[in-house]
Each structure stands twice: as structure tokens, then as C-alpha cells.
Amino acid sequence: MEKKKELLKKIRAIEIKATILSDNIFSGQYQSCLKGNGMEFSDIRRYAPGDDVKKIDWKVTAKQRKAYVKEFVEERELSVFLLVDISASNRFKEKLDLITELVGSLAFSANKNGDRIGALFFSDRVEKLIPLKKGRKHTLSVIENLLTIEPKGKKTNINMILRYFGKIFKRRAVIFLISDFLDDGYEKEMKILGQRHELIPVRISDKKYESLPKGAIFTLEDSETEERIVIENYKDDIKIGPISLLNGINIDVDEDYVKEISKFFNKGRMR
């Protein structure tokens, strides 16, 4: 019972902060940048001179022996998916707190805009899939699942999760891929998925652990493989972390993530 109370208290604190951020900062940028840009079928009408021949419904035309075209309307509702890396390297408190706040802010922004939100938590396997839905209750459920899930896998496999998502979800969506990107060989799958969907990579980092200062001996342990190595560093600072994403959002645990997301949206990145 005490654990449940603490969990509810934490969720409520995240909801308050995320709602303020989504209302005051993300909302305007979200609505202008992540607006619906797909088309859905609306009706059929007789062909008129000047209509796009690509819109002709050939089945109806054959039956009626007169040309008919399909009418479409712009989709205002978005499908927003959060692909969240919950492998061992992202389970440290500072990283997990940042990821949870970020997920909450994006989810509440989607909810405020009337969009459907879904989540897919992964490590080196699919840990949990939360289907697309609307509403505050569903948004809170996404946050609660992130806080309570116990991953079965320790490692990261971005390639696998991108391929998996591409197979199960064909309709166009806005995808936030949130990870520290401590993996390799995923670039091709990102390109393939980005051709169908709007894919936004968000790299979470902690610069304190991405370089080794000179003048000391370090024993390092990989949180995902538990492999240990000893490095003697007497000359120069050594960079051990991945480089920044060129076409994504880079956020360090000691930086203002709101500022970084705002900069990204203000670039007019969205198609």
C-alpha cells in the first residue's frame, strides 16, 4: 500500500510538471509542427475536368460506366508513438527521471492536441507495447507503465525495434525514438522507417560518463554486458561516449530539455 501511495505521488508530480510544460511551451510548437498531414478517404463523386486522374476509383467507374473520383480530407488527428529504450544503461536515476519527464511532456502535449498516443518500451527485445488511445487516463497509464516496468533484457537493440515497429504499424505516425543510442548498425532501419513515418530520434546522454579525464586509472563496467575493462589514462582526456545525432534532438541530463526540443521544433523539422 505504501509503495502504491509513493507511486501515485510520483505520477501526480510528473503530471503537474509535464502539463505545465506542455501548456506553456510545447503546445504551440507542437500544434504548428506536428499537425496532421495525411489524407483520409471521405466520399466518391463524378469526375470533373481538371480532377487528378490518380484519384479515379476504377472499380466504381467500371460499374457505373462513368468516371468517379475519390475525395479526401486532411487528417487532423495524429498518431504519436514513443519508442523508449529502457535497457540497463538508461535505468540510472538521472537518465530515467529525464526520460520519464520527457515522455510525460510529449504525451500530455499529444493529449492536449487531441491526438492518440502509444508507447513501445524496449531493450534488446520488446518489453511492452501500449496501443494508441486518447485521454488523460491513458496518458497517465503510459507514465505509470514506464515507472513500474521491470525490463527482462539489459542490452539495447535499436535495429530490432525499428524493424518490429515497421511491421506492426503501417499507418503514418510521428515517432519519438528515445534512447542513449549506445548501439550500432541501426542507421539503415532508421532510414527505411523514416520514409513512411515522421521519425524523430532523441538522444539522452550524461556527459559525466562520456569522457575520462587525464591523470588517472579507471575501471569501467558495461551496465548492459557487465564486462569490465581497466584504462590507464595519463595523457589526454578520452572521449568514450557516442557523438551527437545530426538530425535529431540531443539532451544531456544536466541540460534544459525543454530548450533543446524547442530549438528542434523551431527549425521547422517536420514535413
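Look up: the structure comes first, before these words.
All values derive from a computational prediction rather than experimental measurement.

### Quick notes on the overall build of the protein chain
Thought 1: Scanning the protein chain from terminus to terminus reveals seven helices and twelve strands.
Thought 2: Looking at the 271 residues of the protein chain, the share that counts as buried comes to 46%.
Thought 3: Restricting to contacts in the protein chain with at least 6 residues of sequence separation, those with at least 24 account for 72%.
Thought 4: For the protein chain, the exposed surface amounts to about 15600 Å²; the carbon and sulfur share of it is 51%.

### Some thoughts on helix H7 (residues 257-266)
Thought 1: Most of H7 sits out of view: seven of its ten residues are buried.
Thought 2: By the burial criterion, the buried members of H7 are Tyr257, Val258, Glu260, Ile261, Ser262, Phe264 and Phe265.
Thought 3: At the N-terminal end of H7, a side-chain oxygen is found 3.0 Å from the backbone nitrogen of Val258, two or three residues along, and the residue is Asp256.

### Concerning the side chain of Asn159
Thought 1: Mapping Asn159 onto the fold places it in helix H5 (residues 158-168).
Thought 2: Look at Asn159 and you get buried, because its relative accessible area is 18%.
Thought 3: Residues contacting Asn159, with those up to four places away along its chain left out, are Asp183, Gly185, Tyr186 and Glu189.

### Quick notes on the sheet that holds strand S12 (residues 249-252)
Thought 1: Reading across from one edge, S5-S4-S3-S6-S7-S12 is the order of the six strands in this open sheet, with mixed pairing throughout. If you trace the sheet from one side to the other, it starts and ends with strand S5 (126-133) and S12, each paired once. Ignoring strand direction, the axes of neighbouring strands in this sheet form an average angle of 15 degrees.
Thought 2: Taken together, the five bridges between strand S4 (residues 116-122) and S5 define a ladder with antiparallel strand orientation. Across the sheet, residue Ala119 finds its bridge partner in S5, namely Ile130.

### Examining the environment of Thr61
Thought 1: Note that Thr61 resides in helix H2 (residues 58-64).
Thought 2: Judged by its relative accessible area of 13%, Thr61 falls in the buried class.
Thought 3: A C-alpha to C-alpha distance of 9.4 Å links Thr61 and Tyr47, two positions 14 residues apart in sequence.

### Details of unusual backbone geometry
Glycine aside, residues mostly have negative phi angles, and peptide bonds mostly take the trans form.
Thought 1: Positive phi values are uncommon outside glycine, yet Arg65 reaches one of about 60 degrees.
Thought 2: The residue Arg65 is located in the loop between H2 and strand S2 (68-74) in this model.
Thought 3: You will see that Phe181, though not glycine, has its phi angle at about 60 degrees, which is positive.
Thought 4: Here Phe181 shows up in the loop between strand S6 (174-179) and helix H6 (187-196).
Thought 5: Exposure remark for Phe181: the relative accessible area of 3% places this residue in the buried category.

### Focus on the packing of helix H3 (residues 93-112) against helix H4 (residues 136-148)
Thought 1: The contact between H3 and H4 brings their axes to 10 Å, and the two run at 165 degrees. For the element pair H3 / H4, the angle class is roughly antiparallel. Considering the relative orientation of H3 and H4, their crossing is right-handed. For the pair H3 and H4, the contacting residues are Ile99, Thr100, Val103, Gly104, Ala107, Phe108 and Asn111 in the first and Arg136, Thr139, Leu140, Val142, Ile143, Leu146 and Leu147 in the second.

Thresholds, definitions, all that
- Residues numbered from 1 in each chain as written.
- Predicted model: local features only at pLDDT ≥ 70, side-chain atom pairs only at ≥ 80, totals over all residues.
- Heavy atoms only, no water.
- Helix = DSSP H or I, 4+ residues; strand = E, 2+ residues; numbered from the N terminus.
- Buried < 20%, exposed > 50% of the residue type's maximum accessible area, 1.4 Å probe, protein only.
- Contact = heavy atoms within 4.5 Å.
- Areas by Shrake-Rupley, 256 points an atom, 1.4 Å probe, with all protein chains shown as cover.
- Polar contact = N/O pair within 3.5 Å; in protein donor to acceptor, adjacent residues only side chain to side chain.
- Pairing = 2+ DSSP bridges.
- Axes fitted to C-alpha atoms, helices over the stretch in contact; angles between N-to-C directions.
- Parallel < 35°, antiparallel > 145°, perpendicular 65-115°, else oblique.
- Left-handed = near helix turned anticlockwise from the far one by under 90°.

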